[in-house]
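Architecture and fold: a report
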Amino acid sequence: MSMPSVQSPPRSHSTAQQPQHPLHSNAVVLLSSVFGPYAQNDEYGSRLQNPMELYHNQVTREQGPFSLRMFHRSWGLMLIQVNIKAPCTLLDFPTLDRFTEELRDNHYDIVGISSIIVNLPKVRKMCELIRQHQPHATIVVGGHIANVPDIEDRIDADFVVQGEGVRWFRQFLGEDCQQPIHHPLITSGIGTRSLGVSVKERVGDVAATVIPSVGCPLGCNFCSTSAMFGGKGKFLNFYQTGDELFEIMSQLERSMQVHSFFVMDENFLLHRKRALRLLELMERFDKSWALYVFSSANVLSSYTWDQLVRLGISWVWMGLEGEQSQYLKLRGIDTRKLVATLQSHGIRVLGSTIIGLENHTPENIDDAIDYAVDHDADFHQFMLYTPLPGTPLHADLSSQGLIKDESEYHISDMHGQHAFNYRHPNITDGKETGILANAFQRDFDVNGPSVARIARTTLAGWKRYRQHPDLRIRRRVIRESRQLATTYVAAVSAAKMFYQKNPILHEKLSKLLRNLCCEFGIKARLASYFGGRYVLRKIRQEQKRLENGWSYEPPTFCEVNDSLRKLNRKLKTEAASCRFVHSRRCQYGPTS
């Protein structure tokens, strides 16, 4: 028995009128990300300048061999897989041949594809292959691509799911939508590489990802994520209370042997009651966790420095949209002072600045870039002001007739790192591409490699808190600083030698190296002399690779759940069992 295809797929915003698959939980499901390659120009919209790497794509893209390289798994698909009972395979980062092979060799009743908007041509091709090899299968498409208003006319899918996918799949499979959300075991980054060296990570070295919520209460007019979950003020908490979140993080700690967590929540600290309850439990149970969070400047400023340090906030991604920003989250806040103070407490900052706001002109854009660079954040993301379909900004510019026709640009270039998809009032003729590249280059030229900035901020935290009276805080600071005297010294030493002919950066790096060696003595000096020369060779080798067109691609992952293993199917050798932790509605005493 199969689910028939339909000519005009319904767009599912909720489960209210949602149909169910006739096989219910007996349906065999394939979930897949779009196929690679991801950093090579091809006929399906892959772009060399748009790799599947968050940092190298949007943050350290002009830092050459110093750029931070890593990949992030398709966390949404992992979340869906561990929260359905139906037999399910997850294929992450497949090649086109690997995706075709999976369809050819195995039977599936449902195939789900997750994608962002720029990969629409890939999704179209994947739908064609599914119809060819599995004509009976129901095709479900979700992710940011669901924001495209006429997506139903562009791809041959049965359902387009806009918003949270776990509840949708549970409803579609006839499963209990109210059961607790299980959390997958997610390593926040894979394949980490920098300075020409691939990092050999021990168990527990890399933070675990924890996903407390989806959506965003703030809802900036350009935010595609906010639009995907219903717009401003619309969000869904998977773990409503600090008790639930603490239980999930405790289980992740035990299962993955981690002490740090990348908190995938658009504005985690905004949920103040939950955050402070988490802090209370961390202190009660002596957890010296480190938290990497997204936060707006106004929310950060609502906490005391003592609260942030006790909560273990050690990395913050925050918007720095501009000195004359219209966004309330920055109103009345001296963000340069805020960033410097965060760093003085050992809290690393990734600042994010938008290029091409309405008031930007060719005459003032350099001032806007200099203002951003003056923050001297540990990392700095620059993005083009991009009206993505589904956002209020796109609707506003559409009503003004400013959105370009797709004959004027390729949808695969609409990723905020290349060109405008609309007519900017002041920046024309494709000048935005060069302006954006200049912003990244300016930040790199003035502030130097991010790896050195990280060492500087970590050293500040070490000096300030290594003798803190709270042993829990001391343990975290010592753990986060353990590579300062060796790995970071070698990196800074190598960077200093690399920039020997650049007096500004050479002096900046020399000062940092002196501070590190003064703090850590002979161990650091040995690392500087021997390690620095080794890393310098690796940097120069990496530079040659990049000049010769080398690109970095993620490996393919194939993971199956227990329900599929019980079917005794022949599995590919790379298939692994998905792992997760259980959500339990628990309380650890009175909530303060």
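Our structure's up above, just so we're on the same page.
Cut-offs applied
Residues numbered from 1 in each chain as written. Predicted model: local features only at pLDDT ≥ 70, side-chain atom pairs only at ≥ 80, totals over all residues. Heavy atoms only, no water. Helix = DSSP H or I, 4+ residues; strand = E, 2+ residues; numbered from the N terminus. Rg over C-alpha atoms; globule rule 2.2 N^0.38 Å. Buried < 20%, exposed > 50% of the residue type's maximum accessible area, 1.4 Å probe, protein only. Lys, Arg positive; Asp, Glu negative; His and termini not counted. Charge placed at Lys NZ, Arg CZ, Asp CG, Glu CD. Pairing = 2+ DSSP bridges. Axes fitted to C-alpha atoms, helices over the stretch in contact; angles between N-to-C directions. Contact = heavy atoms within 4.5 Å. Right-handed = clockwise from strand over helix to strand, strands pointing away. Salt bridge = Lys/Arg side-chain N within 4 Å of Asp/Glu carboxyl O. Patch = residues over 30% accessible without salt bridge, like charges linked within 9 Å, V, L, I, M, F, W, Y side chains within 5 Å. Areas by Shrake-Rupley, 256 points an atom, 1.4 Å probe, with all protein chains shown as cover. Core = buried A, V, L, I, M, F, W, Y, C linked by side-chain atoms within 4.5 Å. Phe/Tyr/Trp six-rings, centres within 6.5 Å; stacked < 30°, edge-to-face > 60°. Lys NZ or Arg CZ within 6 Å of the ring centre and 35° of its normal.

**Digging into the overall build of the protein chain**
Along the backbone of the protein chain there are 20 helices and 21 strands. Rg of the C-alpha trace for the protein chain: 24 Å, near the compact-globule value of 25 Å for 592 residues, within the 12% margin. If one aligns the C-alpha atoms of the protein chain with their principal axes, the spans along those axes are about 70 × 60 × 45 Å. Here the protein chain holds 592 residues, and 59% of them are scored as buried. Taken as two groups, the 69 positive and 61 negative side-chain charges of the protein chain have centres that lie 9 Å from each other.

**What to know about the pairing of strand β19 (residues 557-560)**
Bridging between strand β4 (residues 88-92) and β19 involves 4 bridges; their strand directions are antiparallel. Looking across to β19, one finds that Leu 91 is bridged to Cys 558. Strand direction decides the pairing type here: β19 and strand β20 (residues 575-577), joined by 3 bridges, are parallel. By the bridge assignment, Cys 558 is partnered in β20 with Ala 575.

**Let's talk about the sheet that holds strand β17 (residues 348-355)**
Across the sheet, 6 strands lie side by side as β11-β14-β15-β16-β17-β18; this open sheet has parallel pairing. Of all the strands in the sheet, the pair left with one neighbour each is β11 (208-210) and β18 (379-384). In this sheet, neighbouring strand axes are inclined to one another by 15° on average, regardless of whether the strands run parallel or antiparallel. Sheet strands in contact with helix α15 (residues 431-447) are β17 and β18, and its direction is about 175° off that of β18.

**Overview of the pairing of β17**
Extensive coverage of β17 is indicated by the burial of 8 of its 8 residues. Side chains Arg 348, Leu 350, Ser 352 and Ile 354 project from β17 onto one buried face, and the interleaved Val 349, Gly 351, Thr 353 and Ile 355 project onto a second face that is buried too. In the sheet, strand β16 (residues 313-319) pairs with β17 via 5 bridges, with the strands oriented parallel. Bridge assignment links Trp 317 to a residue of β17, and that residue is Leu 350. Pairing analysis gives 6 bridges linking β17 to β18, with the strands arranged parallel. Across the sheet, Ile 355 pairs through a bridge with Leu 384, a residue of β18. Read as a crossover between parallel neighbours, the route from β17 over helix α13 (residues 365-373) to β18 is right-handed.

**Concerning the pattern of salt bridges**
Counted according to the given criterion, the structure contains 34 salt bridges. Salt-bridge contacts for Asp 150 lead to Arg 154; the nearest nitrogen and oxygen are separated by 3.0 Å. Using a relative accessible area of 30% as the deciding quantity, one classes Asp 150 as partly exposed.

**Quick look at a nonpolar patch on the surface**
Among the surface-exposed residues, Ile 522, Leu 526, Tyr 529 and Phe 530 lie close enough to one another that they form a single nonpolar patch of about 460 Å² accessible area. By secondary structure assignment, the location of Ile 522 is in helix α19 (residues 503-547). Judged by relative accessible area, Ile 522 falls into the exposed class, the value being 60%.

**A look at the sheet that holds strand β10 (residues 197-198)**
Pairing is antiparallel across the open sheet formed by 3 strands, whose spatial order is β3-β9-β10. If you trace the sheet from one side to the other, it starts and ends with β3 (69-71) and β10, each paired once. As paired strands, β3 and strand β9 (residues 190-194) are joined by 2 bridges and run antiparallel to one another. Looking at β9, one finds that Arg 69 is bridged to Arg 193.

**Section: the nonpolar core**
Ranked by size, the top nonpolar core spans 114 residues in total, and within it Leu 269, Leu 278, Leu 291 and Met 318 carry the most contacts. With 12 residues, the top contributor of residues to this core is α19. Apart from residues lying up to four places away in sequence, Leu 291 is in contact with Met 249, Phe 261, Val 263, Phe 268, Leu 278, Leu 311, Gly 312, Ile 313, Ser 314 and Trp 315. One finds Val 28, Tyr 44, Leu 91 and Met 126 within the second-largest nonpolar core, a separate group that totals 43 residues.

**Remarks on the packing of aromatic side chains**
Enumeration according to the criterion identifies 29 aromatic pairs in this entry. On the numbers, 5.9 Å between centres and 50° between planes, the contact of Phe 262 with Trp 315 is tilted. With Phe 262 in strand β14 (residues 260-263) and Trp 315 in strand β16, this pair connects stretches of sequence that are 53 residues apart. Each member of the pair, Phe 262 as well as Trp 315, is classed as buried. With a centroid separation of 4.9 Å and an interplanar angle of 85°, the aromatic rings of Tyr 529 and Phe 530 are classed as edge-to-face. Its guanidinium or amino end placed over the ring of Phe 557, Arg 73 lies 4.1 Å from that ring's centre, counting from NZ or CZ. Taking NZ or CZ as reference, Arg 272 lies 4.5 Å from the ring centre of Tyr 303, over its face.

Purely geometric stuff here, so don't read any function into it on its own.
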